[in-house]
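An overview of the molecular structure
Next come the chains, spelled out residue by residue.
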Amino acid sequence: MGISGVRLVLLGKPGAGKGTQAALLSQHYGVEHLSTGDVFRSAVAQGTSVGLEVQRFMDTGELVPDEIVIRVVDEHFAEGGPLEDGFILDGFPRTLVQAQELEKVLAGHPLDVVLDIEVPTETILDRIAGRRVCVSCGATYHVNKAPTVDWTCDVCGGDVVQRDDDTEEAVATRLEVYGRQTVPIIEFYEKLGKLVVVNGDGDGDEVQERLLKEIDGRIDPTRR
Ligand SMILES: [Zn+2]
């Protein structure tokens, strides 16, 4: 029997495979996978007042402020469902303030575990800086795993290129920002006794197995 209603947060550098793992875990435990982007889009689609504010920031490409991010998440949870049924948060909380506020939003439904998928910076740089993407269909390749014909997409024949934000310089900047914002979050969850660091090196299946072992090992067996 699986565990029901797990409440998880996934942390990890950009390129650590967080989104992929969150999707797999959401399937395994049958709980909602909540990425900040999804929650934002849903608020915008519903046209709530906070959704309209999010839209404004997304239109101008500005970072959505903590206070608004928290309101969106709070409203999403208030609709019922995920708090009781379980969820996996991916990309949230992104700042210490968001982590602190999340504790209030969750009142009575504490997080089971916060998983930090640890991948060495050199690996991330290789993964992302080596990535090439089809401009037409979005299929991804790697410099070590190129399409069959030149840099022409195997799927659709489109041009396969490096995206501007995948250059080594751009990735280094993103990693620097991530580190600055995330160290305090990691310390926060460490103090709460919720943090588990999982080795994110290796293929997706291996990482998935490590995550499942940590999660299952930390959840009260009466919930199975
Ligand atoms: Zn393509």
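Our subject is the structure listed above.
Notes on the structure follow. Every value quoted in this text rests on a predicted model; they were computed, and no experiment measured them.

1. Quick word on the packing of helix 6 (residues 96-105) against helix 8 (residues 168-191)
For any two helices packed against each other, one specifies the inter-axial angle together with the distance between the axes. The N-to-C vectors of helix 6 and helix 8 enclose an angle of 30 degrees; their axes lie 8 Å apart at closest approach. Of the possible angle classes, the one that applies to helix 6 and helix 8 is roughly parallel. Between helix 6, through Leu96, Ala99, Gln100, Leu102 and Glu103, and helix 8, the contact on the second element is made entirely by Pro184, Ile185, Phe188 and Tyr189. Its residues assigned to classes, the contact of helix 6 with helix 8 shows seven nonpolar, one polar and one charged.

2. Focus: the packing of aromatic side chains
Applying the stated criterion across every chain, the model contains two aromatic pairs. Between the aromatic rings of Phe77 and Phe87, the centroid separation amounts to 4.9 Å while the plane-to-plane angle is 50 degrees, which identifies the pairing as tilted. Within this pair, whereas Phe77 is found in helix 4 (residues 66-78), its partner Phe87 is found in strand 3 (residues 87-90), the two being separated by 10 residues in sequence. Judged on exposure class, the residue Phe77 and its partner Phe87 are both buried. With 5.2 Å between their ring centres and 70 degrees between their planes, Phe188 and Tyr189 make a pair best called edge-to-face. Arg56 extends its terminal NZ or CZ atom over the ring of Phe57, reaching a point 5.4 Å from the ring centre.

3. Topic: the pairing of strand 4 (residues 113-118)
Within strand 4, five of the six residues are buried, leaving the element largely enclosed by the surrounding structure. Sheet analysis places strand 1 (residues 7-12) next to strand 4, joined by five bridges and oriented parallel. What sits directly across from Leu11, in strand 4, is Asp116.

4. Digging into the sheet that holds strand 5 (residues 131-134)
Taken in spatial order, the three strands make up an open sheet running 6-5-7, and their pairing is antiparallel. Strands with a single pairing partner mark the edges of an open sheet, and in this sheet they are strand 6 (140-142) and strand 7 (160-161). Direction of pairing for strand 5 relative to strand 7: antiparallel, over a ladder of two bridges. Note on strand 7: the bridge partner recorded for Val133 is Val161. Relative to strand 5, helix 7 (residues 121-129) is tilted by about 25 degrees, and along the sheet it contacts strand 5 and strand 6.

5. Looking at the coordination of the zinc ion
The coordination sphere of the zinc ion, as far as protein atoms go, consists of Cys134 (SG), Cys137 (SG), Cys153 (SG) and Cys156 (SG), spread over 2.3 Å. Angles of 100 to 116 degrees at the metal separate the four donor atoms of the zinc ion, which places the site in the tetrahedral class. Coordination of the zinc ion draws on donor residues from a single chain, spaced C-x2-C-x15-C-x2-C in sequence. With a gap of 22 residues between them, Cys134 in strand 5 and Cys156 in the loop between strand 6 and strand 7 connect regions that are remote in the sequence. A residue is classified by how much of its surface remains accessible, and Cys134, at 3% relative accessible area, is buried.

6. Observations regarding the nonpolar core
Side chains of a nonpolar character, in soluble globular proteins, are inclined to be buried together. Counting 32 residues, the largest nonpolar core has Phe77, Leu102 and Tyr189 as the members making the most contacts within it. Going through the elements one at a time, strand 1, helix 2 (36-46), helix 3 (49-60), helix 4, strand 3, helix 6 and helix 8 are the ones with two or more residues in this core. Ranked by the residues each element gives to this core, the list is headed by helix 4, at six residues. Ignoring any residue separated from it by four or fewer positions in sequence, one finds Tyr189 in contact with Pro93, Ala99, Leu102, Glu103, Leu111, Val114, Lys194 and Leu195. Core analysis: the second largest hydrophobic core is formed by 24 residues, Ile88, Ile128, Leu175 and Ile219 among them.

7. A short note on helix 4
Count 3.6 residues to each turn of an α-helix, and residues three or four apart come out pointing the same way. Across its 13 residues, helix 4 extends 18 Å between first and last C-alpha, which sits within 8% of the 18 Å expected from 1.5 Å per residue. Turning to helix 4, its buried residues number three or more, namely Ile68, Val69, Ile70, Val72, Val73, His76 and Phe77. On its buried side, helix 4 packs onto strand 2 (32-35), helix 2, helix 3, helix 5 (82-85), strand 3 and helix 6. Following helix 4 by one or two positions, Gly80 has its phi on the positive side, about 80 degrees.

8. Regarding the sheet that holds strand 4
The strand order 2-3-1-4-8 describes an open sheet built from five strands, whose pairing is parallel. If you trace the sheet from one side to the other, it starts and ends with strand 2 and strand 8 (195-199), each paired once. Averaged over all pairs of adjacent strands, the angle between strand axes in this sheet comes to 25 degrees, irrespective of strand direction. In the packing of helix 2 onto the sheet, contacts are made with strand 2 and strand 3, and the angle to strand 2 comes to roughly 85 degrees.

Calculation notes
Residues numbered from 1 in each chain as written. Predicted model: local features only at pLDDT ≥ 70, side-chain atom pairs only at ≥ 80, totals over all residues. Heavy atoms only, no water. Axes fitted to C-alpha atoms, helices over the stretch in contact; angles between N-to-C directions. Helix = DSSP H or I, 4+ residues; strand = E, 2+ residues; numbered from the N terminus. Parallel < 35°, antiparallel > 145°, perpendicular 65-115°, else oblique. Contact = heavy atoms within 4.5 Å. Nonpolar A, V, L, I, M, F, W, Y, C, P; charged D, E, K, R; others polar. Phe/Tyr/Trp six-rings, centres within 6.5 Å; stacked < 30°, edge-to-face > 60°. Buried < 20%, exposed > 50% of the residue type's maximum accessible area, 1.4 Å probe, protein only. Lys NZ or Arg CZ within 6 Å of the ring centre and 35° of its normal. Pairing = 2+ DSSP bridges. Donors = N, O, S within 2.8 Å, 3.2 Å for Na, K, Ca; no water. Tetrahedral: all angles 85-135°; square planar, octahedral: opposite > 155°, others 65-115°. Core = buried A, V, L, I, M, F, W, Y, C linked by side-chain atoms within 4.5 Å. Expected span 1.5 Å × (residues − 1).

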